[in-house]
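Letter by letter, the chains look like this.
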Amino acid sequence: MNTQNQNGYMLLFRGNDWTRSLSPEEKQKVTDQWMAWFRRLTDQGKAIAGNPLEPEGKIVSGKNRVVSDGPFAESKEAIGGYFLLDVASFDDALAIAQECPGLPYGVQVEVRPVAAECPLASELKHEAQFANA
Amino acid sequence: MNTQNQNGYMLLYRTDEWYNRLSHEELQKLIGQNQAWFERLTAQGKAKPGRALERRGVIVSGRNGRFVTDGPFAESKEAIGGYLVLDVETIEEAIAIAQSSPGLAYGGSIEVRPMADECPLDVRARELAREEQLATV
């Protein structure tokens, strides 16, 4: 994997059911830790955006644009929120992901490089390269 | 579900890279449609710039993030390909915008999620504190 990326990285926090088993004190503690973590990253200029998502939502899919409920709240895969990071290397983004206070409680953090352009446009260029070869 | 939300909505694009199966002409047409769609939403003040994500990454899990595995798999229909933030006030409008997305005709799905103004953990902690207060009255 290319370990440098000028477009930054996105952390996707997966799991939105993990707090159910925590005591009120543990919940408060992990909330404070999470807020302090985000504030520190913002102060350091490493986090440029971040937002929790409400646990509920809808999924729109297919040619007929069918609307269904989702994601399921109990899913470990459901996305609970994200950070957008302005760091230049994958290793920096990974190190930040590893600091996530939710990890001991089962949260999974997906680390993804932000793309320079729409994947449709890169696919088009890719095709053009092959056509000219 | 509360259908009003002042914090906007996030559209999460879930994709299995269906666009790899399109012809050059189809791809070009779709790019044009997408651009026009997004420009219209931006001009109406309904969409903020989104981001596309590269088709690679890792998943970190476990205490101190000691497990680092490759993912998500590109062929997964669930993999997130990118997102868009909508500045609209109802979920109905957010859903209608998702439904008008030109790419849906070809594959993938769009998850529509209300954005929270504060962490759900905070909200829950406050609820619990209030319950405790009531219990002691």
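The model shown is predicted, which means the values in this text are computed figures rather than measured ones.

1. Focus: the overall build of chain B
Turning to step 1, where the next piece is worked out: A count of helical and extended segments in chain B gives three helices and six strands.
Turning to step 2, where the next piece is worked out: When the helices and strands of chain B are listed from N to C terminus, the series reads β-α-β-β-β-β-α-β-α.
Turning to step 3, where the next piece is worked out: Residues classed as buried in chain B amount to 30% of the 137 residues present.
Turning to step 4, where the next piece is worked out: Within chain B, contacts between residues at least 6 apart in sequence are counted, and of these 77% link residues at least 24 apart.

2. Notes on the interface of chain A and chain B
Turning to step 1, where the next piece is worked out: Tallying the contact residues gives 52 residues for chain A and 52 residues for chain B.
Turning to step 2, where the next piece is worked out: Among the elements that take part in the side of chain A that touches chain B, helix α1 (residues 24–43) of chain A stands out by supplying seven residues, more than any other.
Turning to step 3, where the next piece is worked out: A per-class count over the side of chain A that touches chain B returns 30 nonpolar, 10 polar and 12 charged.
Turning to step 4, where the next piece is worked out: Pairing analysis gives four bridges linking strand β3 (residues 58–61) of chain A to strand β6 (residues 109–114) of chain B, with the strands arranged antiparallel. Note on β6 of chain B: the bridge partner recorded for Lys-58 of chain A is Val-112 of chain B.

3. Observations concerning the sheet that holds strand β5 (residues 79–85) of chain A
Turning to step 1, where the next piece is worked out: Strand order in this open sheet of six strands is β2(A)-β5(A)-β1(A)-β6(A)-β3(B)-β4(B), and the pairing throughout is antiparallel. Two strands bound the open sheet, and with one partner strand each, they are β2 (47–52) of chain A together with β4 (67–70) of chain B. Between one strand axis and the next, the sheet turns by 20° as a mean value, whatever way the strands run.
Turning to step 2, where the next piece is worked out: Of the pairings in the sheet, the one linking strand β1 (residues 9–14) of chain A to strand β6 (residues 108–113) of chain A comprises six bridges and is antiparallel in character. Each bridged residue has a counterpart across the sheet, and for Arg-14 of chain A the counterpart in β6 of chain A is Gln-108 of chain A.

4. Quick word on helix α1 (residues 24–43) of chain B
Turning to step 1, where the next piece is worked out: Here α1 of chain B contains 20 residues, and its C-alpha end-to-end distance of 29 Å stays within 8% of the 28 Å for a straight helix at 1.5 Å per residue.
Turning to step 2, where the next piece is worked out: Backbone geometry just downstream of α1 of chain B places Gly-45 of chain B in the positive-phi region, at approximately 75°.

Conventions adopted
Residues numbered from 1 in each chain as written. Chains lettered and ligands numbered in written order. Predicted model: local features only at pLDDT ≥ 70, side-chain atom pairs only at ≥ 80, totals over all residues. Helix = DSSP H or I, 4+ residues; strand = E, 2+ residues; numbered from the N terminus. Buried ≥ 20, exposed ≤ 12 C-beta atoms within 10 Å, placed from the backbone. Contact = placed C-beta atoms within 7 Å. Nonpolar A, V, L, I, M, F, W, Y, C, P; charged D, E, K, R; others polar. Pairing = 2+ DSSP bridges. Axes fitted to C-alpha atoms, helices over the stretch in contact; angles between N-to-C directions. Expected span 1.5 Å × (residues − 1).

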